[in-house]
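# Chain and residue survey
For reference, the chains in residue letters:
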Amino acid sequence: MEKKCQLPFVEPEIMSNAYYAFSWGVIKGNLGDEYDKILSRKYINCYFEKPFQNEKFVIATVDALSEKQNVILNQALNLHKEVASALRLDFVSMIKQCILNGYYVFNTCPSICFNESDSQNSKTKFLVIGYDSINERFIIKASNQVGCLNTYEVNDREFIDRLLNLPKENIELKFWRFNNDNPLILDLSAIVAEFSDYINSKTSLVQYTKNKIYGFEAFERLIEYLKEKLLLGQPFKRELLQSVVDHKYCMWKRLKYFAQQQIISREYVASAEIVYKLSTSVFSLGLEYNVIADRSTGEKVIESLTNLTEKEKEYLPKVLEELTAAKLDLTKNNHCNQ
Amino acid sequence: MKQKILLPLEYNPCVRMYQGEAFAMGMVEGNAGVDIKPWLSGKFINCYFQEEVQNKFYISFNDPWTLEDKILTHQCLELSDELHKIWGLDYIDLFKQMLNLGWYPSGRYNEEYIPQKNAFQKRYFYHDFILVGYDDTNNTFQSAGYLEDGHFKQYDIPYENMVKAIETLRTSKNYLQFWKYNSTAEFSFNFKRIISDLSDYINSENSLPHPQYNNKSYGLSAIINLCEYLLKTTSQCGYIDLRYTRGLMDHKYIMNLRIKTLHEHNLLNNRMWLEKSKTVYDIAKKIHLLGLKFIITKQISIAQKLCDMIYEMVSIEKDYLPNVLISLKSNVGDQLL
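A brief structural summary. Keep in mind that this is a model prediction, so the values were computed, not measured.

### Brief notes about the overall build of chain A
Within chain A one finds 10 helices and 10 strands. Taking 2.2 N^0.38 as the reference for a compact globule, 338 residues should give roughly 20 Å; the C-alpha atoms of chain A span a radius of gyration of 22 Å, in line with that estimate. In terms of overall dimensions, chain A has C-alpha extents of about 65 × 60 × 35 Å along its principal axes. Counting the 338 residues in chain A, one finds 54% classified as buried.

### Structural notes on the pattern of salt bridges
Close approach of charged atoms allows side chains with opposite charge to pair. Enumeration according to the criterion identifies 35 salt bridges over all chains in this entry. With its nearest N and O atoms 3.6 Å apart, the salt bridge here joins K180 of chain B to E82 of chain A. Highlighted residues: K180 of chain B in strand β9 (residues 174-181) and E82 of chain A in helix α3 (residues 81-86), drawn from two different chains. Between K277 of chain A and E273 of chain A there is a salt bridge whose closest N-O contact spans 3.4 Å. With K277 of chain A and E273 of chain A both in helix α9 (residues 267-292) and four residues apart, this pair spans about one turn of that helix. Its relative accessible area of 28% is what places E273 of chain A among the partly exposed residues. Three or more residues are tied together by salt bridges with common partners; here these are K43, D63, D69 and R193 of chain B.

### Let's talk about the layout of surface pockets
All names here are of chain A. Taken as a whole, the second largest pocket encloses approximately 810 Å³ of empty space. Around the second largest pocket, the lining is made up of 30 residues, and of these S16, N17, A18, K125 and E239 lie nearest the centre. Of all the elements in the fold, those that place two or more residues in the lining of the second largest pocket are α1 (18-31), β3 (56-58), β6 (123-132) and α8 (238-260). Per-element accounting of the lining of the second largest pocket gives the leading share, five residues, to α8. Looking at the lining of the second largest pocket residue by residue, the classes come out as 10 nonpolar, 12 polar and eight charged.

### Some details on helix α5 (residues 159-167) of chain B
Every buried residue of α5 of chain B is listed here: Y159, N161, M162, V163, A165 and I166 of chain B. On the buried face of α5 of chain B, the contacting elements are α4 (91-100), β5 (104-110), β6 (126-135), β7 (140-146), β8 (152-158) and β9 of chain B.

### Brief notes about the sheet that holds β3 of chain A
Residues and elements named next belong to chain A. Spatially, three strands are ordered β3-β2-β10 in an open sheet, and the strand pairing comes out antiparallel. Of all the strands in the sheet, the pair left with one neighbour each is β3 and β10 (212-214). Averaged over all neighbouring strand pairs, the angle between strand axes comes to 20°, with direction disregarded. The sheet contact formed by strand β2 (residues 47-49) and β10 spans three bridges and is antiparallel. Within β10, the residue paired with F48 across the bridge is I213.

### Regarding the packing of aromatic side chains
Residue and element names in this part refer to chain A. Applying the stated rule across the entire model yields 40 aromatic pairs over all chains. On the basis of an interplanar angle of 85° and a centroid distance of 6.4 Å, the ring pair of F138 and F159 is categorised as edge-to-face. One end of the pair, F138, is in strand β7 (residues 137-143); the other, F159, is in helix α5 (residues 156-164), and 21 residues separate them in sequence. Taking relative accessible area as the criterion, F138 reaches 0% and is therefore assigned buried.

### Overview of the environment of E34 of chain A
Residues and elements named next belong to chain A. Considering the arrangement of structural elements, one finds E34 in the loop between α1 and α2 (35-39). E34 sits in the partly exposed class, given a relative accessible area of 43%. The spatial distance from the C-alpha of E34 to the C-alpha of L184 is 8.7 Å, given a sequence separation of 150 residues.

### A look at the sheet that holds strand β3 (residues 57-58) of chain B
All names here are of chain B. Reading across from one edge, β3-β2-β10 is the order of the three strands in this open sheet, with antiparallel pairing throughout. Two strands bound the open sheet, and with one partner strand each, they are β3 and β10 (217-218). The sheet contact formed by strand β2 (residues 48-49) and β3 spans two bridges and is antiparallel. For F49, the partnering residue across the bridge sits in β3 and is F57.

### Some words on the interface of chain B and chain A
In this complex, chain B contributes 27 residues to the contact, which on the side of chain A involves 27 residues. Between chain B and chain A, roughly 2,300 Å² of surface is buried when both sides are summed, and carbon and sulfur atoms account for 61% of that area. Across the pair E82 of chain B and R177 of chain A runs a salt bridge whose closest N-O atoms are separated by 3.4 Å. Where chain B packs against chain A, one counts 10 residue pairs in polar contact (both at pLDDT 80 or more). For the side of chain B that touches chain A, the secondary-structure elements that each account for two or more residues are β4 (72-79), α3 (81-87) and α4 of chain B. Of all the elements, β4 of chain B adds the most residues to the side of chain B that touches chain A, at six residues. Looking at the side of chain B that touches chain A residue by residue, the classes come out as 15 nonpolar, eight polar and four charged. Examined bridge by bridge, strand β4 (residues 72-80) of chain A and β4 of chain B share three bridges and lie antiparallel to one another. In the sheet register, N78 of chain A faces β4 of chain B, and the bridge partner there is C76 of chain B.

Procedures and definitions
- Residues numbered from 1 in each chain as written.
- Chains lettered and ligands numbered in written order.
- Predicted model: local features only at pLDDT ≥ 70, side-chain atom pairs only at ≥ 80, totals over all residues.
- Heavy atoms only, no water.
- Helix = DSSP H or I, 4+ residues; strand = E, 2+ residues; numbered from the N terminus.
- Rg over C-alpha atoms; globule rule 2.2 N^0.38 Å.
- Buried < 20%, exposed > 50% of the residue type's maximum accessible area, 1.4 Å probe, protein only.
- Salt bridge = Lys/Arg side-chain N within 4 Å of Asp/Glu carboxyl O.
- 1 Å grid on protein atoms, 1.4 Å probe; cavity = no way out; pocket = protein on both sides within 12 Å on 5 of 7 lines; lining within 4 Å.
- Points joined across faces, edges and corners; volume = space filled by probe spheres on them.
- Nonpolar A, V, L, I, M, F, W, Y, C, P; charged D, E, K, R; others polar.
- Contact = heavy atoms within 4.5 Å.
- Pairing = 2+ DSSP bridges.
- Axes fitted to C-alpha atoms, helices over the stretch in contact; angles between N-to-C directions.
- Phe/Tyr/Trp six-rings, centres within 6.5 Å; stacked < 30°, edge-to-face > 60°.
- Buried area = accessible area lost by both parts, 1.4 Å probe.
- Polar contact = N/O pair within 3.5 Å; in protein donor to acceptor, adjacent residues only side chain to side chain.

As structure tokens, this is what we get:
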């Protein structure tokens, strides 16, 4: 076995959820700029969910990992510790063999594994991207307390022991491998359907929809949520604000790609960039409000988010029109070529 | 390691329209050793129908594998053949080790390599399996399932056939699951669930977290849609899938058992409902027999009679079940809801 091995990983731009961030980092690490083709149909629609006071703003209505698109092959091990022990599984060796064969290893563990917290209750998602047998280390990406991804080098045996000693019956690991054979098709039908869902505040996907509000209405609900918090003098959830930035960043990147491919007019890229910049103001002002608890700052957050939503409502229906026209052209051409 | 082991399984489980349900209930009933009727009366209440998918009618979408009720426990390996090979995992050894620890291995295999199965030595057929034992004296696993004679029973799979049946799957990964009966399982009577699910069934709704399909119908409407589908396939194709008539029979058996249990708990005060549920169950048994008769005779009049009986069954349930629900709610009051 190789003494050292590290799989490709590029620091991701989206950070609202470590799961998305890791899959982004893996795909981008393997694909480089071609990632835009995959991004073009991801994170288009979104939803706001409020079950039991735990508000969520989710920018991946489906297939956050790109598994269904066959971009990442996802496999899972979820074994009872009693069984793992009876089978005499050597997880250190298994993980190293995985990495050597192109598999990243994903799971959640206590932040204490990376000395990020003293509490066993604080959890973090991690991705093992490499190993160093000489120094008996795993190279791991994990999010720190402020939501940024760090690279950690931890003793391999100690790390596995910590996972095995968690107060859970089972040991769970997921294995991701980038699929080099994916033809990366630009699926305009799926993109149009997602844009249409987003603009019409619905989903045409088969999923559990209770308590979920989609698309533009999700932003309206988010604004209401912020107003409620402001009224109560409570802080805004950082993850929700970060999701807005991520969503708008992806929209901007996506439209830029469509314009480069001459699928839509360039003017919309400028609109998307303005919206993205507004979202960064929402985020930074939101954090400021959380620190200083100043009502006028909170109001500015709501104002920026309202402006951002209005702006999108103005220009995105036109983008949808152009995408639909491009889809029809493509269908006609395909028909003629047959 | 032991030379042979055989884990308990009930080969005549109360629900067996599909193999999956039969595996789950077979493990539960085979291990329980206590009266499970109070618990069972809170299961298999609502049902759904969806024409576009392969298995169109289900009576078991609410925790069919009893994990939420903590009766069976579960672990899984969802791995590609490639990863199995990288790790050097040997399927035969893995299954035997698991069986030794009391875990039932289950998953998907290619029936082309499984003796006594319809597709054996004929064609690729992706299907579910469960293992209940192994025997090193003749190098076989013991499994249970529907065989080519149409019966759910135990059968043997030679070790090498089992490996071949998994390795020839045309899927990107294999789903291997391992089930174990929880020896401290409690078969409690879930009154709240009965009221909620029965209400959904009567009103043809679903209030459980479940993917929403536009064309999926629930409860009594699902049974009517199933009836329409059976009428269509029998008249147009001369074909009937007996799993659906079996499912109706299973559903009505449990409804009858539920009404009996509610009576025993003094939660229902009208004996007429007990008789009604028994009548419906008897009709469902006849419907299943008519299905068998249709397969042999292909007479459309039999299919028509079968469908008329489904409508009759629905009509009786529409008549008495809303009163059962009202009675349940009034007898117990709102404190449990």
